[in-house]
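# Architecture at a glance
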Amino acid sequence: MKMVIKFFKIIFSIINTITLIPFVLFVIGIIVMLIISSDPMDACMDVGYCKEGLPLNIEGKKITVNKQTCIENDGKWLEDRKVCKFN
């Protein structure tokens, strides 16, 4: 009887592992899709670091992020990373 119980414990642990793998892959897939589909403009405005060449709307005017527009809009230009840090 103990052998039968041990056998079923092994079978159930294998089944749990098999059902867990697709779930983990599904969650990883969703995370990857969210990362890929994220809009760089939204991330730029949320974090405050905007990459050079990114088009933005700041206070109703359209700009393209570069050193000149960064400084004009009270940002700090980081030359080594080619990004503007908006406050």
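The present account deals with the structure reproduced in this document. Each chain carries its own residue numbering, running from 1 in the written order of its sequence. A pLDDT threshold of at least 70 governs which residues receive local features in this predicted model, and a stricter bar of 80 or more applies before side-chain atom pairs are shown or counted, although totals over entire chains, interfaces and linings include all residues. Working from all heavy atoms in the structure, the side-chain values ignore hydrogens and water.

### Remarks on the overall build of the chain
- Broken down by element type, the chain carries 3 helices and 5 strands.
- With the radius of gyration taken over C-alpha atoms, the globule rule is written as 2.2 Å times the number of residues to the power 0.38. Rg of the C-alpha trace for the chain: 25 Å, well past the compact-globule value of 12 Å for 87 residues, more than 25% over.
- The principal-axis extent of the C-alpha atoms belonging to the chain is close to 80 × 25 × 15 Å.
- Sequence separation of at least 24 residues holds for 29% of the intrachain contacts in the chain that already meet a minimum separation of 6.
- Note on areas: Shrake-Rupley with a 1.4 Å probe; residue coverage comes only from the protein chains shown. When the accessible surface of the chain is totalled, it reaches about 7,200 Å², and 68% of it is carbon and sulfur.
- Positive: Lys, Arg. Negative: Asp, Glu. His and the chain ends are not part of the count. Taken as the charge location is NZ of Lys, CZ of Arg, CG of Asp or CD of Glu. Taking the average place of the 11 positive charges on the side chains of the chain and the average place of its 9 negative ones, the gap between the two points comes to 17 Å. Numbering goes from the N terminus for both helices and strands, where a helix is a DSSP run of H or I of at least four residues and a strand is a run of E of at least two. The contact rule is simple, with two residues in contact once any of their heavy atoms fall within 4.5 Å.

### Here's the deal with the sheet that holds strand 1 (residues 49-51)
- With antiparallel pairing, the 3 strands of this open sheet are ordered in space as 1-5-4. Taken across any chain shown, the strands that pair with only one partner, and hence form the sheet edges, are strand 1 and strand 4 (76-78). Averaged over all pairs of adjacent strands, the angle between strand axes in this sheet comes to 30 degrees, irrespective of strand direction.
- Strands qualify as paired when DSSP identifies two bridges or more between them. In this sheet, strand 5 (residues 83-85) lies alongside strand 1 in antiparallel orientation, the contact comprising 3 bridges. Pairing of Cys-50 across the sheet is with Cys-84, part of strand 5. Axes here mean lines fitted to C-alpha atoms, for a helix over just the part in contact, with angles spanning 0 to 180 degrees between N-to-C directions.

Geometry only, nothing functional implied.
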